[in-house]
Amino acid sequence: MQTALVQYPDNLTLKDLYYFMLAPTLCYELNFPRTQRIRKGFLLRRISEMVLLTNLILMLTQQWILPTIRNSLKPISDMDYGRMMERLLKLAIPNHIIWLICFYTLFHSSMNVAAELLRFSDRQFYLDWWNAPTINDFWNRWNMPVHKFALRHIYRPLLKSGFSRLQASGAVFLLSAFFHEYLLSVPLAMFRAWAFTGMMMQIPYSIVVAKISKFDWKFGNTAVWISLIIGQPIAILMYWHDYYILNYMPK
């Protein structure tokens, strides 16, 4: 069964607006690709995954992450680099496991639930980021809704305006760094710029990884995974230390 295509200005309705707000995409289209029906079995599997994995994330965080970061406060305050490194490596493994579970829960289970309910047929929410040979390739494959938005509304318009590829990529990283910091600073009610700095540091790091990848893509892929495994625990420890100092240390 085919439906008639919507033409401007017939799309200027609340129904069309709400559909766009709920659909798992950031790029507006006059006519989104639609499926014929809602697959109830597929939908129930994705909902079950969301429930089970969300509880698993909470359990692992409470049992594995929180004790480690609580025990990290004194080494960081004392600038005990040996114990700081030990705590960092101890945190890296559970953090990475939880991060991978969060990825699956958000980009596969949750987005597919939204897409199935709305009969939204574009299910390209991620590509094979785990095989990315460079940092740029990782970001191009990791979060496709955001990637497509940045490509359509930031990167390509900057290229058309005469900016270089490096400048356009830098602008995308800058915006991404801002939102990463914003999503942490607002809930924590403090501004420390660790996430912003970490994101911006990926610009020079991406240049180094790109050169390494020219010799063998596997070396570049290893460098990408190292940044994922080590980078996040560093940010977690920094934010935890500053949050504790700000809220629990005597004035």
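In this text, all values refer to a predicted model and were calculated from it rather than measured experimentally.

Peer 1: I keep staring at helix α6 (residues 144–160) and nothing clicks. Help me out?
Peer 2: Quick reminder: α-helices carry 3.6 residues per turn. Residues three or four places apart thus point the same way. Maximal helix bending in α6 amounts to about 45°, located at L151. Of the residues making up α6, those classed as buried are M144, P145, H147, A150, I154 and Y155. Contact partners of the buried residues in α6: α4 (81–117), α5 (135–142) and α7 (165–188). Positive phi appears at G162, one or two residues downstream of α6, with a value of about 105°.

Peer 1: Would you take a moment to explain the packing of α7 against helix α8 (residues 194–215) for this structure?
Peer 2: Two numbers describe a pair of packed helices, the interaxial angle and the distance between the axes. In contact at an axis separation of 7 Å, α7 and α8 are set at 160° when each is read in the N-to-C sense. Considering the angle they form, α7 stands roughly antiparallel to α8. Two packed elements cross with a definite hand, and for α7 against α8 that hand is right-handed. Together, G170, F173, L174, S176, A177, F178, H180, E181 and L184 of α7 and W194, A195, F196, M199, M200, Q202 and I203 of α8 make up the contact between the two elements. Residue composition of the contact of α7 with α8, by class: eleven nonpolar, four polar and one charged.

Peer 1: How should the side chain of N95 be read in this particular structure?
Peer 2: Its place among the elements puts N95 in helix α4. We classify N95 as buried; its relative accessible area is 9%. Those residues in contact with N95 that lie beyond four places of it in its chain are I65, Q232, P233 and I236.

Peer 1: What should I look at first to understand the pattern of salt bridges in this one?
Peer 2: Working definition: two side chains of opposite charge can pair if their charged atoms are close together. Under the criterion given, the structure shown has eight salt bridges. Its salt-bridge partner being R152, residue E29 comes within 3.3 Å of it at the nearest N-O pair. Here the residue E29 occupies a position in the loop between α1 (14–22) and α2 (40–70), and R152 occupies one in helix α6, the gap between them amounting to 123 residues. By relative accessible area, E29 is classed as partly exposed at 38%. The class for R152 is partly exposed, based on a relative accessible area of 35%.

What counts and how
Within every chain, residues take consecutive numbers counted from 1 along the sequence as written. Side-chain atom pairs in this predicted model are given and counted only at pLDDT of 80 or more, local residue features only at pLDDT of at least 70, and totals for whole chains, interfaces and linings cover all residues. Side-chain measures were taken over the full set of non-hydrogen atoms in the model, leaving aside hydrogen atoms and water. Bending is quantified residue by residue as the angle between axes fitted to the seven-residue window ending at that residue and the seven-residue window starting at it. Numbering of helices and strands runs from the N terminus; a helix is a DSSP stretch of H or I covering at least four residues, while a strand is a stretch of E covering at least two. The classification of residues rests on relative accessible area computed with a 1.4 Å probe and restricted to protein chains. Under 20% of the type maximum is buried, over 50% is exposed, and intermediate values are partly exposed. Any pair of residues with heavy atoms lying within 4.5 Å of one another is described as a contacting pair. Helix axes are fitted only over the stretch in contact, all axes being lines through C-alpha atoms; the angle between N-to-C directions runs from 0 to 180 degrees. Here the angle decides the label: under 35 degrees means roughly parallel, over 145 means roughly antiparallel, 65 to 115 means roughly perpendicular, and every other value means oblique. Handedness of a crossing follows from how the near helix is turned relative to the far one, being left-handed for an anticlockwise turn of less than a right angle and right-handed for a clockwise one. Only Asp, Glu, Lys and Arg are considered charged in this grouping, and only Ala, Val, Leu, Ile, Met, Phe, Trp, Tyr, Cys and Pro are considered nonpolar; every other residue, Gly among them, is considered polar. A pairing counts as a salt bridge when a side-chain nitrogen of Lys or Arg comes within 4 Å of a carboxyl oxygen of Asp or Glu.

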